[in-house]
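Below, each chain spelled out in residue letters.
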Amino acid sequence: MTVKKTILMLPGDGIGPDVIAQTRRLIDWLNSNRDVAFTVEEDLVGGCSHDAHGVPLTDAAMARAQAADAVLLGAVGGPQYDGLPFDVRPEAGLLRLRKEMELFANLRPAVVFPALADHSSLKREVVEGLDIMIVRELTGGVYFGEPRGIETLPDGQRRGINTQVYTTSEIHRVAAVAFDLARKRGKLVHSVEKMNVMESGRLWREEVTALHEKSFSDVKLEHMLADNCAMQLVRNPKQFDVIVTDNLFGDMLSDEAAMLTGSLGMLPSASLGATDGQGRRKALYEPVHGSAPDIAGQNLANPIATILSFAMMLRYSFDLAEPASVIEDSVRDVLNQGLRTGDIMGAGMTQVGTAGMGDAILAAMEKYAA
Ligand code: IPM
Ligand code: MG
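Keep in mind that what you see is a predicted model, and the values were worked out from it rather than measured. Residue numbering note: each chain is counted from 1, following its sequence as written. All chains are assigned letters beginning with A, and all ligands numbers beginning with 1, in the order in which they are written. Only residues with pLDDT of at least 70 get local features here, since the model is predicted, and only at 80 or more are side-chain atom pairs given and counted; chain-wide, interface and lining totals rely on the full set of residues. Where side-chain values are given, they derive from all heavy atoms of the structure, hydrogens and water being excluded.

J.: Please set out the pairing of strand β3 (residues 70-75) residue by residue, giving values where relevant.
T.: Burial runs high along β3: six of the six residues are buried. Summarising the sheet, β3 and strand β12 (residues 281-287) pair through two bridges and their orientation is parallel. Its bridge partner being in β12, L72 is matched across the sheet by Y285. Type-normalised accessible area, obtained with a 1.4 Å probe on protein chains alone, sets the label of each residue: buried when under 20%, exposed when over 50%, and partly exposed for intermediate values. Secondary structure follows DSSP: runs of H or I at least 4 residues long count as helices, runs of E at least 2 residues long count as strands, and numbering of each begins at the N terminus. Note on pairing: DSSP must find at least two bridges between two strands before they are called paired.

Here you go:
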């Protein structure tokens, strides 16, 4: 039976449109070569939406995101928007999507492709075979906590305020996602906080422990302080399977884990909401890398992170494991052929542009499909 889905594409700013354009070609390919009918819609998010409408995400775009079966986002932001107030910055568009769609679980896999193991800044033996899943809480913590703001004190000094806050249910629902994933992987979860200085961290540890005892005692649970985790990720990253942590620590640790793999340009992500009665869940997929304005529009960006994000969409939102594998195998194949975009270029390799990488991945898909 034909799988019919609506995908909302939000290319955004910088290299977002470059990398989304290549992913669009894969969607067209699947529409012609598999029993799927993907309808693609497109809208604005981030700085481009601010330029066109004065806001980083319109209500109409928000409504389309809510209605779509899945959202694929490129990147948001650029230096020309640095002076804007927080509520209209490009990032505010992305944060609104996450918050209003209630995408509380952000999955950021850090996987080392054998062909790229020498590209990591760490030694090959430290990263070879690495396969970590970071589950970052995405709708709470200091990103959204109240009170927040900048105020002027009676003596004329200014004071900046943000609030780190978590509730039991916020901790339980994201920890449950991490334990569920661990069950299908290495059956090990590291829960990461700063309970030595933060009450919210103490609560995090207690509630993860309680949920573990109640429902997931078949999975091994370890607790780790966030600073130690940052250190352990470069000392011995292969000790980790699934890491679950809050919004801010997850932001930092996922960038660190991403770089273990050799390039931010390779890392996909999925942001998932709760499953409803029909087994559907809201979901947004995006590369971990940012908008890289310095190389935007020059056919230089690596489209692989976005292409792999689309593969995650096929798996997590549409239960289409076969085409997802075709895409992932094709990416591996192209890397094994020695084709590289600038960010992962190495001695003896052949450099290609954004579109050239798309061409090569499509050619590999033809081969696998034959
Ligand atoms: C990320 C980004 C965002 C974040 C920015 C763009 C708001 O760094 O997705 O990791 O801080 O969450
Ligand atoms: Mg980040």
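J.: So what about the pattern of salt bridges? Which residues, and what values?
T.: What counts as a salt bridge is simple: a side-chain nitrogen of Lys or Arg found within 4 Å of a carboxyl oxygen of Asp or Glu. Across all of its chains, the model carries 27 salt bridges by this definition. For R202, the salt bridge identified is with E206, shortest N-O distance 3.8 Å. With R202 and E206 both in helix α7 (residues 199-215), this residue pair falls four residues apart, about one helical turn. Residue classification places R202 among the partly exposed residues on the basis of a relative accessible area of 44%. A residue is classified by how much of its surface remains accessible, and E206, at 44% relative accessible area, is partly exposed. In this structure, E222 and K220 form a salt bridge, with 2.5 Å as the shortest nitrogen-oxygen distance. E222 sits in the partly exposed class, given a relative accessible area of 30%. Among the residues examined, K220 registers a relative accessible area of 48% and is labelled partly exposed. When salt bridges with common partners are traced through the structure, they connect E41, D43 and R64 into a single cluster.

J.: Please provide a residue-by-residue account of the site of ligand 1, values included.
T.: Throughout, the term near means that a residue has one or more heavy atoms lying within 4 Å of the molecule or strand in question. Within the structure, ligand 1 sits among E91, R98, R108, R136, Y143 and D251. Two N or O atoms form a polar contact when they lie within 3.5 Å of each other; inside protein one atom must be a possible hydrogen donor and the other a possible acceptor, and for residues adjacent in sequence the pair counts only when both atoms belong to side chains. Within the side chain of R136, a nitrogen or oxygen atom sits 2.8 Å from an oxygen atom of ligand 1. Contact distances for ligand 1 include 2.5 Å between an oxygen atom and a side-chain N or O atom of Y143. Isolated, ligand 1 exposes 320 Å² of accessible area, and the fraction of that covered by the protein chains is 75%. Only protein atoms enter the 1 Å grid, on which a cavity is a set of points fitting a 1.4 Å probe that cannot get out and a pocket is an open set with protein on both sides within 12 Å along at least 5 of 7 lines, lining residues being those with an atom within 4 Å of a point. Whether a molecule sits in a cavity or pocket is decided by its atoms, more than half of which must lie within 2 Å of the grid points. Because more than half of its atoms lie within 2 Å of the grid, ligand 1 is assigned to the second largest pocket. Classifying every residue of the shell around ligand 1 by side-chain character gives one nonpolar, no polar and five charged. Here, Shrake-Rupley sampling with a 1.4 Å probe gives the accessible areas, and only protein chains in the shown set may cover a residue. Lys, Arg, Asp and Glu make up the charged group, whereas Ala, Val, Leu, Ile, Met, Phe, Trp, Tyr, Cys and Pro make up the nonpolar group; the residues left over, Gly among them, are polar.

J.: Mind laying out the nonpolar core, listing which residues take part and the relevant values?
T.: Proteins that are soluble and globular tend to have nonpolar side chains buried together. We define the nonpolar core as a collection of buried residues of types Ala, Val, Leu, Ile, Met, Phe, Trp, Tyr and Cys that are connected through side-chain atoms lying within 4.5 Å of one another. Of all hydrophobic cores here, the largest spans 89 residues; its most connected members are F38, L107 and V135. What makes two residues a contact is simply this: any of their non-hydrogen atoms within 4.5 Å. With sequence-adjacent residues up to four places away left out, L107 is seen in contact with M133, I134, V135, V177, L181, P268, S269, A270, L272, M312 and Y316. Counting 16 residues, the second largest nonpolar core, distinct from the first, contains V71, L73, L97 and L103.

J.: Explain the packing of helix α3 (residues 59-67) against helix α4 (residues 90-100) residue by residue, including any values.
T.: Between two packed helices, both the angle of their axes relative to each other and the distance between the axes serve to describe the pair. The interhelical angle for the contact between α3 and α4, taken along N-to-C directions, is 40°, at an axis separation of 11 Å. Comparing the axis directions of α3 and α4 gives the class oblique. Crossing angle aside, the handedness with which α3 passes α4 is right-handed. Contacts between α3 and α4 involve D59, M62, A65 and Q66 on the former and, on the latter, R96, L97 and E100. Among the residues forming the contact of α3 with α4, the class breakdown is three nonpolar, one polar and three charged. Axes, fitted as lines to C-alpha atoms, cover a helix only where it is in contact. Angles between the N-to-C directions of the axes lie from 0 to 180 degrees. Put simply, angles under 35 degrees are roughly parallel, angles over 145 are roughly antiparallel, angles from 65 to 115 are roughly perpendicular, and the rest are oblique. Left-handed describes a crossing whose near helix is turned anticlockwise from the far helix through less than a right angle; right-handed describes the clockwise counterpart.

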